[in-house]
Amino acid sequence: MSLGDDFPLHSYTTEHDFIATLNDAFQSLSFTTTTTNSNPQVLSEPKPKSKSKKRSDPHHNSDENDPCGHPEIQDNKCINCKKKLLGDNFGVSFSYVRKGLRFSHKEIARLRDLQSHEKLKRKKLVLVLDLDQTLIHVTTSSKTKQSQTSSSGNDHFTLNSLQKTVKLRPFVRPFLKEASTMFEFYIYTTADKAYALEMTRLLDPENVYFGTRIISRDDSPRSDQKSLDLVLVPERMVLVLDDTEDVWLNHRPNLVSIERYTYFGSNSITDESETEGALVKNLRVLKLVHGLFFHKKLEVGFVQRDVRVILRMLRGEVLKGCNVFISNLASRVCVMAEELGAMRAMELEESVTHVVSLVVGSEDCMWAEREKRFLVHPRWVEAAYYLFERMPEQDFPISLKKFR
């Protein structure tokens, strides 16, 4: 693969230099055995439960008087020894695979190891996909009389059973088809199971892509958060595509944020482009991460390769060389700019290249105009973050009347 055609490597003179730096980054990794979810920059693998529990603990899976170990529980009963285990504290629930199914932490680690070997043989990673405003947009349907689903074209549906009208995001079907050659898919939504199954059926009517890998709020321990604990592949091989960052607080290094898709709710509806929309551009990012993970010139073994490191390095190149002054804006915009590789100026000075502001006519705006610096809306930073690409500054003026 040629990185030069796909990504602006601002601080690397050759593809070889970038790969060498990526090798060094992988080699410097030391996976901790303790999850540190409060710090999203720390890379960690799930930790099996400690073996130092008391014998009296009914969920202890290494008791010397209980050699079974109970790797897999179905409806609170071990499938191996048939022992009844009371309560729901054993291991982790995988009800999306089969209702009532639970795996011990040791079994989860074993399954992840098996899955990682199987994926690597096929040169595949895993992609976790959100539904609402990532792949589809849904509104309450005004057509409820018909007894079955009706459709207009192949991307606009009325679901009378749910009283919903659904619009598929432009390019979603080619996106799934092409991305499926590189990734195994999961759907993960905070909606309920019935809704998740119905929306997935619209996206994948022949059940080619998702199988039973459809996780809803009914399957998740928290309805307001999503967790890769429910994905049976090591986190270093998992990417997430979602329009909402807040639900992935414990897994932000895996997240490829996508701009929120909105189709309904406007009197003059204009849809995304089939050839230049968000899914087209995000597919480019996914291809690049996949290509780098399996790059033949990487010297480190597959066990050291990590999509989170690749994402961090790629994102950190986008605004490299920019020195931005951000005026009275939310801390999230500041964090985005720094993750994109930009330097943050604390005051207006000669080295500032961009002033990011919302306030037309403010002192910092007048300084930018007088000193002939770029003056941009914060959406310029956000667009670069979503698309992994430095966008033309002239497309993001701060005048709201002119802002597109």
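An unreviewed UniProt entry lists the chain under the name RNA polymerase II C-terminal domain phosphatase-like, with Quercus suber given as the organism. Quoted verbatim from the Subcellular location (unreviewed entry) field of the UniProt record, the comment on the chain reads "Nucleus". Quoted verbatim from the Function (unreviewed entry) heading of the UniProt record, the comment on the chain is "This promotes the activity of RNA polymerase II."

Caption draft 1: Structural detail: the overall build of the chain. Scanning the chain for helices and strands turns up ten helices and 17 strands. Burial analysis of the chain (404 residues in total) assigns 50% to the buried set. Of the accessible surface of the chain, which amounts to about 20,100 Å², a share of 49% is contributed by carbon and sulfur atoms.

Caption draft 2: A look at the pairing of strand β14 (residues 323–326). Of the two faces of β14, the one holding Asn323 and Phe325 and the one holding Val324 and Ile326 are both buried throughout. Each parallel crossover has a hand, and for β14 linked through helix α8 (residues 331–339) to strand β15 (residues 343–344) it is right-handed. Relative to strand β16 (residues 354–356), β14 runs parallel, the two sharing three bridges. What sits directly across from Val324, in β16, is His354.

Caption draft 3: Quick look at the sheet that holds strand β3 (residues 92–93). Across the sheet, which stays open at both edges, the four strands sit in the order β2-β1-β4-β3 with antiparallel pairing between neighbours. Bordering the open sheet on either side are β2 (77–78) and β3, each of which pairs with just one other strand. Here two bridges tie β3 to strand β4 (residues 101–103), and the two strands are oriented antiparallel to one another. In the sheet register, Ser93 faces β4, and the bridge partner there is Arg102. Those strands touched by helix α3 (residues 105–121) are β3 and β4, and its axis lies near 85° from that of β4.

Caption draft 4: View of helix α6 (residues 278–293). Helix length check: α6, at 16 residues, gives a terminal C-alpha distance of 23 Å against a target of 22 Å (1.5 Å per residue), a fit within 8%. Among the 16 residues in α6, twelve count as buried, and that is most of the element. Those residues of α6 lying buried are Ala278, Leu279, Asn282, Leu283, Val285, Leu286, Leu288, Val289, His290, Gly291, Leu292 and Phe293.

Caption draft 5: Seen up close, the packing of α8 against helix α10 (residues 379–387). The interhelical angle for the contact between α8 and α10, taken along N-to-C directions, is 50°, at an axis separation of 9 Å. By the criterion of interaxial angle, the relationship of α8 to α10 is oblique. For the pair α8 and α10, the crossing hand works out as left-handed. Together, Arg332, Val333, Met336, Ala337 and Glu339 of α8 and Val381, Glu382 and Tyr385 of α10 make up the contact between the two elements. In terms of residue class, the contact of α8 with α10 is built from five nonpolar, no polar and three charged.

Caption draft 6: Spotlight on the nonpolar core. Counting residues in each nonpolar core, the largest one holds 105 residues, and the members touching the most others are Val128, Leu129, Ile136 and Phe175. A total of nine residues in this core trace back to one element, the largest contributor, which is α6. When near neighbours in sequence (up to four residues on either side) are disregarded, Leu129 contacts Leu135, Phe175, Leu176, Phe185, Tyr186, Ile187, Tyr188, Phe210 and Leu241. Val355, Cys365, Trp367 and Ile398 belong to the second-largest nonpolar core, a separate cluster that totals nine residues.

Caption draft 7: How the structure looks around the packing of helix α2 (residues 15–27) against helix α7 (residues 307–315). Closest axis-to-axis distance for the α2/α7 pair is 10 Å, and the angle between their directions is 135°. The orientation of α2 with respect to α7, classified from their angle, is oblique. Along this stretch, α2 crosses α7, giving a crossing that reads as right-handed. Touching Phe18, Thr21, Leu22, Ala25 and Phe26 of α2 are Val309, Ile310, Met313 and Leu314, all from α7. Split by residue class, the contact of α2 with α7 holds eight nonpolar, one polar and no charged.

Caption draft 8: Summary view of the pattern of salt bridges. This structure, assessed with the given rule, holds 29 salt bridges. Here Arg373 makes a salt bridge to Glu350, at a shortest N to O gap of 3.4 Å. Note that Arg373 is positioned in the loop between α9 (363–370) and β17 (374–376) and Glu350 in the loop between β15 and β16, a separation of 23 residues in sequence. Since its relative accessible area comes to 66%, Glu350 is described here as exposed.

Caption draft 9: Inspection of the environment of Ser93 at higher detail. Relative to the elements of secondary structure, Ser93 occurs in strand β3. Spatially, the C-alpha atoms of Ser93 and Ser220 are 8.3 Å apart, while their sequence positions differ by 127 residues. The residues contacting Ser93, other than those within four sequence positions of it, are Leu101, Arg102 and Leu230. Polar side-chain contacts of Ser93 include one of 3.5 Å to the backbone nitrogen of Ser95.

Thresholds, definitions, all that
- Residues numbered from 1 in each chain as written.
- Predicted model: local features only at pLDDT ≥ 70, side-chain atom pairs only at ≥ 80, totals over all residues.
- Heavy atoms only, no water.
- UniProt positions renumbered as here; feature names shortened; annotations may be inferred.
- Helix = DSSP H or I, 4+ residues; strand = E, 2+ residues; numbered from the N terminus.
- Buried < 20%, exposed > 50% of the residue type's maximum accessible area, 1.4 Å probe, protein only.
- Areas by Shrake-Rupley, 256 points an atom, 1.4 Å probe, with all protein chains shown as cover.
- Right-handed = clockwise from strand over helix to strand, strands pointing away.
- Pairing = 2+ DSSP bridges.
- Contact = heavy atoms within 4.5 Å.
- Axes fitted to C-alpha atoms, helices over the stretch in contact; angles between N-to-C directions.
- Expected span 1.5 Å × (residues − 1).
- Parallel < 35°, antiparallel > 145°, perpendicular 65-115°, else oblique.
- Left-handed = near helix turned anticlockwise from the far one by under 90°.
- Nonpolar A, V, L, I, M, F, W, Y, C, P; charged D, E, K, R; others polar.
- Core = buried A, V, L, I, M, F, W, Y, C linked by side-chain atoms within 4.5 Å.
- Salt bridge = Lys/Arg side-chain N within 4 Å of Asp/Glu carboxyl O.
- Polar contact = N/O pair within 3.5 Å; in protein donor to acceptor, adjacent residues only side chain to side chain.

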